[in-house]
Number of protein chains: 2
Amino acid sequence: MAKRSQRKAPSSQAAAPQTTIEHSIDFYAHHSPFGANASFTLGRLGRGGGFGLDLGRPAEQDIFVAYARKGEPARALPFFKGSGGASLAAFAMTAPGTDTTAQIPDPTQDAFYRGWQIFPEAEIERDLAWASDSWAAGDLTFRILSPFGPVANPDTADAAATRLAVLPALLAEIELDNSASDEPAWAFFGLAPNDGTGVRTLSHTTQRNLLGIAGETRFALAARPDGDAVQEVQPWFIDQMLSTGKPEVHGLPKQGGLLLHVEPRTKKTFTVALAFYRGGVVTSGIEASYFYTRYYSCVEDVLDTALARAEELKALAAQRDRELRDSKLNPSQQFLLAHATHSYYGSSQLLDSGGRALWVVNEGEYQMINTFDLTVDHLYFELRYHPWAVRNALDLFCDRYFYYDEVQDVLRGREKHTGGLSFVHDMGICNQFSPPHCSSYEIPDRTGGFSFMTHEQLVNWVLCASSYVLTQKDDGWLFERQGTFRETFRSLLHRDHTDPTKRNGVMGYDTAKCGKTGQEITTYDSLDASLGQSRNNLYLAVKTWASYVALAKVFDALGDPELASAASAMADRSAATVVSQFDKKEQFIPAVFNENVDSRIIPAVEGLVFPWLLGDRDATSEKGRYAELITALKQHIRTILVPGVCIDSESNGWKMSSTSHNTWLSKIALSQFVVRKVLGLRFRGQEEEWDSAHSQWQQVGCADWACTDQIRSYDGKDLGSRYYPRAVTSVLWLEE
Amino acid sequence: MAKRSQRKAPSSQAAAPQTTIEHSIDFYAHHSPFGANASFTLGRLGRGGGFGLDLGRPAEQDIFVAYARKGEPARALPFFKGSGGASLAAFAMTAPGTDTTAQIPDPTQDAFYRGWQIFPEAEIERDLAWASDSWAAGDLTFRILSPFGPVANPDTADAAATRLAVLPALLAEIELDNSASDEPAWAFFGLAPNDGTGVRTLSHTTQRNLLGIAGETRFALAARPDGDAVQEVQPWFIDQMLSTGKPEVHGLPKQGGLLLHVEPRTKKTFTVALAFYRGGVVTSGIEASYFYTRYYSCVEDVLDTALARAEELKALAAQRDRELRDSKLNPSQQFLLAHATHSYYGSSQLLDSGGRALWVVNEGEYQMINTFDLTVDHLYFELRYHPWAVRNALDLFCDRYFYYDEVQDVLRGREKHTGGLSFVHDMGICNQFSPPHCSSYEIPDRTGGFSFMTHEQLVNWVLCASSYVLTQKDDGWLFERQGTFRETFRSLLHRDHTDPTKRNGVMGYDTAKCGKTGQEITTYDSLDASLGQSRNNLYLAVKTWASYVALAKVFDALGDPELASAASAMADRSAATVVSQFDKKEQFIPAVFNENVDSRIIPAVEGLVFPWLLGDRDATSEKGRYAELITALKQHIRTILVPGVCIDSESNGWKMSSTSHNTWLSKIALSQFVVRKVLGLRFRGQEEEWDSAHSQWQQVGCADWACTDQIRSYDGKDLGSRYYPRAVTSVLWLEE
């Protein structure tokens, strides 16, 4: 947890063990409902944030969370522009002049904030938990709750349950402790959208029992009326209003919120709903609306439900917070899983297309739709909370985003051979679904980024589909998609070698879609050659082995022992090929076979997660049927997980490849799980330090972007894949 | 017209007389369809612009209008960030390196533009016409057409006519003259949205006969297929693509457009449609959708119609351009009317509320809805092109945005008396309709800006309603609203004096809504006391006189000679009061009567436009029944329209008040019409210089904001009311 030690932890947040490294509280986190592709992003000091809808970056609203007593300055958390950084001292205590002209004041100007006293970072305690995020300073505690939990399939579930599950809202709690004062106190929670649109007070435009403000029809915050304790305001000078406690409502100021009154000698907590809404068709290519629009007619409707169901929603958030806090995860791990979960929900999007649910996870800052090499990493989280989403995405890959190709031997003249079924990299970008059989990403004649990922997405389909169908025991879908499973097996074989006797269980041919000069790449498209190239790639070889292991189980389940046996035989060949590449002298397996790339890569072991997920402990045992493979991979890990190879000597964090400084948090988390749980390798005394380094990367180097995947290993700087959902692979840690 | 003399005018734009002052081409202008509250704003060099929907400022898209021949650099108009200003020379000619990594390039970085050769300002000719805006440089001419004309009442008109009238689209023409070259040439027209959303190619998502790009579901540009001559592209490096002519389509670059091919020894013009679309409910308070959504299902539908009807739309634009060019207006006046018209349409908004048309003009950068003191200035334009819009707004004022008040004598203890009917300042802000009987602007206890404008809006209703009903001969509406006319008369009397014998025809009491310390203000809320205060105000006194003159005619039309006579008697008293204030020594009338404010103000004569509009030449004649008033006002103008009083000594422009540097273009245009046409005062030799000063203000000082109303008189700097519709008062000049 990102926590300061200056203050005692609030009683509701039991003390967690302290990490050895002092971390920062100055970083953005997503705060998002389920499936709204929306976030109330907050946490970077002095930078604002707030409501963002369909936005691949933090919004730029000024957020005001503050309090004052009569005659005191307004004390605020540093959540608006100019409220943070080194110049804080210059802000405090100068009361602004009164407005005596008709000139409309500009809230973006410094003069507006002269009446503020901003809490410096050292006086703020922050606690990012699994389903909440809290800031405490002075007498104020501000908490955003983002409750989440299991969601049933919206196409078949009870409508009442779905209605609550898809509610596009969060809750906030503002707690003001005035118990030591004889004066009344006022808290304020509100915002300035800063995009020219301004705000409106809700009581003016709705008959519902709501007080608060909205921005157009797109977002709003509101509380229930509570005598004089809760008042809507739309003032020119929030700080002045707070110091007098006199509510001001004017139609023109482009900022507003709730003025909350606390009696002397009293402590009070206010509950505020934060709602998002976007009506109508929001996508092109495939026309779809937000699923929540079935149940909610407008943003006020969302607020009303959020407040009516506030106690249930709070209990749900508290349950998740408690689960994580009570888990065996150390504080850094708890932070990393919480941070990743917040960002996963921020990219989640449940659409209604022609009356059917359409599941999307958007690709963070890139906003690509259902990028398949992310889908396979979201698998563990989605199987835990909403497994139907995996099936939903797989169906769309089967029905629209598949293709049949030819393959070519790029090392020998690019002669073309029969290929087979595979799937595209993604389904489009920025709410724009790409045409059938096309991704937005892949183009021919590339050797690096933007090339095809045919083999990788083929194994991703096999691994996701078999994991879904076997763990969820969805026999209907297994029956329905049996042809696809068979075709993926045939396609894997065709990509190995035309001559069945020469097949070694590893990809040998590239798709002919790569054109005259390109070659297939893996999801690690931004790393060096060690992970970029697909053919003969160690990482992909082990995933291919895992695919054959999984297909054997699927064919067994389909009652086809012949195919099951054929798949098992291919798994044997994959394993043998990988083992044959083991460098006995250096005690590792090179990243690419037979092509002079001898980088050391951690993702060698990534594929081992799938037999584990399918419950096949024999497949991952040093004493099982793949004993040699497992022994070789364990030794590979022992060899490379040392400083200067795959442990960065400067930061003490994990490097995916010994030859690249670009490392990926999602894959670190996944590989850590495999190393510890599947392979049973422990590195006592080092593990917590590694975790601490990784959480520091997120809190410091990646502070501008909420959860970030691509990181520079020596200093933790964000390199790409920012504002990203993928790091929920860390949910696997809960299985250890 | 803003025109450079380096080039000959294009043949389609006949030469206009040159003004004596060299003007700038470097300014923004709106380019807007009817009623979409949308604009493709363009014209500030080096700054971009493009599609803005419901936006009170220019959008920030990069717009690419360029061409190249094989091996030549790409030559572009300076319509993208970094393409303008002093550093132009640094841009040209360095080809960017090719992209060899998976890092997604950032089109906002300078490196992207190194291959461009940007036309410097001196090589560009611009011609802003009434319904078009053209830029010519090198072999390229780019023209945006914003056709407009009479629009019938959408509640009663033929649906087919309304469908075309409300089409939320513009046309563009890209003409490339390759007649002197033996090489093929390519033009490019496209954009980068720069808001993170990117673009999509249209052929991927629609079966319609369109090639082009769209941004989400909100805007798009497209042409009809034309063999290989028109191609959709979505490239990483537009400049590189242009230099090779090889179309590039990739899903990831967040920019795209049309690559247009011109054969050697050929000149070709391409027609491109520019479309806006916003579906669903867009307002709150009163829920409403865009009227065009009745007829168009999506942005592609809009494009399809725009291209199908392109010839009609071009003819309509050409007709308006010709009318203005053939008018008696000098080039500066033509520019001012054209510029104002472009900005008026940019703020126009036709909504569908519960199946009925709801007319809005938004208040430019402030985005207030149907601000009444703007409505009265849009009157002349709307009566010319869509008079039903005046009635539509007046009805909403009558049905929802009226109130009844008490009045108080603020000079004597604020004793309260019976007031009467009046209307609010505005109907809300930023698509957020305010509650019934409330504006977003007015609050109590103010003496300056944000106070109530009760008397001003009362006379505005009378003047708009009588002008509408008498010029349009809408007897049905006259009958329907007769009660309102009667109540406005009674309300005017109550605001004069409680004792009928003491009424002098001028406002004497303020509304009690002003509270304990406030007093009513006029629309000139940002000027000094000379125009700020309503009570005993010369400007408002003459408008009150005009209201009585108009009411007398309305009551005549209603067959109520008694009331007509009473109204006429009040007009006599107003006139007598104004005349009595004439300062014989200084030969002017002070701005505020009997309260020691002796500023000289031009708006003294503003009210004379209404009797003129109603055809009452007697009322505005020095020999008519108000001879003394007219004689006094004529002398007032002669006295003040001199340098150092109401002509700014530095700029040679008009100052509304001798004691303020804040002057307003809309009111200058209106007063100029009254001075020249109604009062018959001419200032030969000076008039063109004044017009030239005013157009220079818009092109230089207000360049960032399209048409701007509030201007600093000595240097033309924008002071407020930017991006503003109001200056269409200049349409009156066509009546001279």
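Remember, predicted model here, so these are calculated numbers, not experimental data.

Caption draft 1: Focus on the overall build of chain A. What chain A contains, in helices and strands, is 17 helices and 27 strands. What you see for chain A is a C-alpha radius of gyration of 27 Å, in line with the 27 Å of a compact globule of 736 residues. Based on the C-alpha atoms only, the size of chain A along its principal axes is roughly 85 × 55 × 40 Å. Across the 736 residues of chain A, 67% fall into the buried class. When contacts within chain A are restricted to residue pairs at least 6 apart in sequence, long-range pairs at least 24 apart make up 70% of them. By element, 48% of the accessible surface of chain A is carried by carbon and sulfur atoms, the whole surface being about 23400 Å². Side chains of chain A carry 71 positive and 90 negative charges; the gap between the two charge centres is 2 Å.

Caption draft 2: Here's a closer look at the packing of aromatic side chains. Residues and elements named next belong to chain A. This structure, assessed with the given rule, holds 96 aromatic pairs over all chains. Look at Tyr468 and Trp477: their rings are 5.5 Å apart centre to centre, the planes differ by 90°, and that puts the pair in the edge-to-face class. For Tyr468, a relative accessible area of 5% translates into the label buried. Look at Trp477 and you get buried, because its relative accessible area is 0%. Taken together, a centroid distance of 6.4 Å and an interplanar angle of 85° make the contact between Trp477 and Phe485 edge-to-face. In this structure Phe485 comes out as buried when scored by relative accessible area, which is 0%. Arg126 extends its terminal NZ or CZ atom over the ring of Phe27, reaching a point 3.9 Å from the ring centre. Taking the ring centre of Tyr403 as reference, the NZ or CZ of Lys513 above it sits at 4.5 Å.

Caption draft 3: Focus on the relation of the copies chain A and chain B. Between chain A and chain B, the superposition needs a rotation of 180° and an axial shift of 0.0 Å, giving an RMSD of 0.1 Å. The two molecules are tied by a two-fold rotation axis, judged by turn and shift. For chain A, the smallest separation between a C-alpha atom and the rotation axis is recorded for Gly280 of chain A, amounting to 2.8 Å. The overlap is high: 100% of the interface residues of chain A also sit at the interface in chain B, so the same surface is used on both sides.

Caption draft 4: Spotlight on the sheet that holds strand E18 (residues 348–353) of chain A. All names here are of chain A. With antiparallel pairing, the 3 strands of this open sheet are ordered in space as E17-E18-E19. Strand pairing shows two members of the sheet lacking a second neighbour, strand E17 (289–290) and strand E19 (356–361), which therefore form its edges. As paired elements, E18 and E19 share 6 bridges and run antiparallel to each other. Considered in E19, the bridge of Asp352 is made with Ala357. Its contacts with the sheet place helix H5 (residues 331–347) against E18 and E19, and it is angled at close to 25° to E18.

Caption draft 5: How the structure looks around the interface of chain A and chain B. Contacts between the two partners involve 48 residues from chain A, matched on the other side by 48 residues from chain B. Of the roughly 3600 Å² buried where chain A meets chain B, counting both sides, 56% is carbon and sulfur surface. Linking chain A with chain B are 0 salt bridges. Linking chain A with chain B are 16 residue pairs in polar contact (both at pLDDT 80 or more). Of all the elements in the fold, those that place two or more residues in the side of chain A that touches chain B are strand E12 (211–215) and strand E23 (432–433) of chain A. Counted by class, the side of chain A that touches chain B contains 18 nonpolar, 19 polar and 11 charged residues.

Caption draft 6: Structural context of helix H10 (residues 482–494) of chain A. The end-to-end C-alpha separation of H10 of chain A is 19 Å, in line with the 18 Å expected for 13 residues at 1.5 Å each. On its buried side, H10 of chain A packs onto helix H7 (388–399), strand E21 (416–423), helix H8 (454–472), helix H9 (475–480), helix H12 (538–557) and helix H13 (561–580) of chain A.

Caption draft 7: Structural view of the state of the cysteines. What the rule picks out here adds up to 0 disulfides over all chains. Cys514 of chain A provides the cysteine sulfur closest to Cys438 of chain A, a residue in no disulfide bond, and the two sulfurs are 15 Å apart. With a relative accessible area of 34%, Cys438 of chain A lands in the partly exposed category. With no disulfide of its own, Cys702 of chain B has Cys707 of chain B as its nearest cysteine by sulfur position, at a separation of 8.2 Å.

Caption draft 8: View of the nonpolar core. With 216 residues, the main nonpolar core has Phe142, Phe189 and Trp545 of chain B as its most contacted residues. Of all hydrophobic cores here, the second largest spans 214 residues; its members include Ala38, Trp130, Ala541 and Ala669 of chain A.

Caption draft 9: Examining the environment of Asp560 of chain B more closely. Note on placement: Asp560 of chain B falls in the loop between helix H12 (538–557) and helix H13 (561–580). In terms of polar contacts, Asp560 of chain B uses its side chain to reach the side chain of Arg486 of chain B, at 3.4 Å.

Caption draft 10: Representation of the confidence of the model for chain A. Residues and elements named next belong to chain A. For chain A, per-residue confidence averages 91 on the pLDDT scale, and 93% of positions sit at 70 or higher. Throughout residues 1–21 the model reports pLDDT below 50, and contacts reaching past four residues in sequence, or to other chains, amount to 50 contacts. Taken as a whole, residues 85–113 scores under 50 in pLDDT and shows 55 contacts with residues more than four places along the chain or in a different chain.

Caption draft 11: Highlighting the sheet that holds strand E6 (residues 125–129) of chain B. Residues and elements named next belong to chain B. What the 8 strands build is an open sheet, ordered E6-E7-E8-E9-E16-E13-E12-E11; its pairing is antiparallel. Two strands lie at the open edges of the sheet, namely E6 and strand E11 (200–201), each paired on one side alone. Here strand E12 (residues 211–215) runs beside strand E13 (residues 219–223); their pairing, made up of 5 bridges, is antiparallel. Note on E13: the bridge partner recorded for Ala214 is Ala220. Taken strand by strand, helix H3 (residues 299–308) contacts strand E9 (169–178), E11, E13 and strand E16 (266–276), and its axis lies near 140° from that of E16. Packing against the sheet, helix H5 (residues 331–347) makes contact with E6 and strand E7 (132–137), and its axis sits at approximately 70° to E6.

Caption draft 12: The arrangement of the packing of H5 of chain B against helix H17 (residues 687–701) of chain B in detail. Residue and element names in this part refer to chain B. Across the interface, H5 lies against H17 with an axial gap of 8 Å and an inter-helix angle of 40°. It follows from the interaxial angle that H5 and H17 lie oblique. Once H5 is placed against H17, the crossing between them reads as left-handed. Only Asp691, Ser692, His694, Ser695, Gln698 and Gln699 of H17 make contact with H5, whose side of the interface consists of Ser332, Gln333, Phe335, Leu336 and His339. For the contact of H5 with H17, the per-class residue count stands at 2 nonpolar, 8 polar and 1 charged.

Caption draft 13: Structural context of the pattern of salt bridges. All names here are of chain B. With the rule as written, the count across this model stands at 103 salt bridges over all chains. Two residues, Arg391 and Asp474, come together in a salt bridge whose shortest N-O distance is 2.6 Å. With Arg391 in helix H7 (residues 388–399) and Asp474 in the loop between helix H8 (454–471) and helix H9 (475–480), the pair connects residues that are 83 residues apart, well separated along the chain. With relative accessibility at 26%, the residue Arg391 sits in the partly exposed group. Overall, Asp474 belongs to the buried group, its relative accessible area being 15%.

About the criteria used
- Residues numbered from 1 in each chain as written.
- Chains lettered and ligands numbered in written order.
- Predicted model: local features only at pLDDT ≥ 70, side-chain atom pairs only at ≥ 80, totals over all residues.
- Heavy atoms only, no water.
- Helix = DSSP H or I, 4+ residues; strand = E, 2+ residues; numbered from the N terminus.
- Rg over C-alpha atoms; globule rule 2.2 N^0.38 Å.
- Buried < 20%, exposed > 50% of the residue type's maximum accessible area, 1.4 Å probe, protein only.
- Contact = heavy atoms within 4.5 Å.
- Areas by Shrake-Rupley, 256 points an atom, 1.4 Å probe, with all protein chains shown as cover.
- Lys, Arg positive; Asp, Glu negative; His and termini not counted.
- Charge placed at Lys NZ, Arg CZ, Asp CG, Glu CD.
- Phe/Tyr/Trp six-rings, centres within 6.5 Å; stacked < 30°, edge-to-face > 60°.
- Lys NZ or Arg CZ within 6 Å of the ring centre and 35° of its normal.
- Least-squares fit on C-alpha atoms with pLDDT ≥ 70 in both.
- Pairing = 2+ DSSP bridges.
- Axes fitted to C-alpha atoms, helices over the stretch in contact; angles between N-to-C directions.
- Buried area = accessible area lost by both parts, 1.4 Å probe.
- Salt bridge = Lys/Arg side-chain N within 4 Å of Asp/Glu carboxyl O.
- Polar contact = N/O pair within 3.5 Å; in protein donor to acceptor, adjacent residues only side chain to side chain.
- Nonpolar A, V, L, I, M, F, W, Y, C, P; charged D, E, K, R; others polar.
- Expected span 1.5 Å × (residues − 1).
- Disulfide = S-S within 2.5 Å.
- Core = buried A, V, L, I, M, F, W, Y, C linked by side-chain atoms within 4.5 Å.
- pLDDT = per-residue confidence, 0-100.
- Parallel < 35°, antiparallel > 145°, perpendicular 65-115°, else oblique.
- Left-handed = near helix turned anticlockwise from the far one by under 90°.

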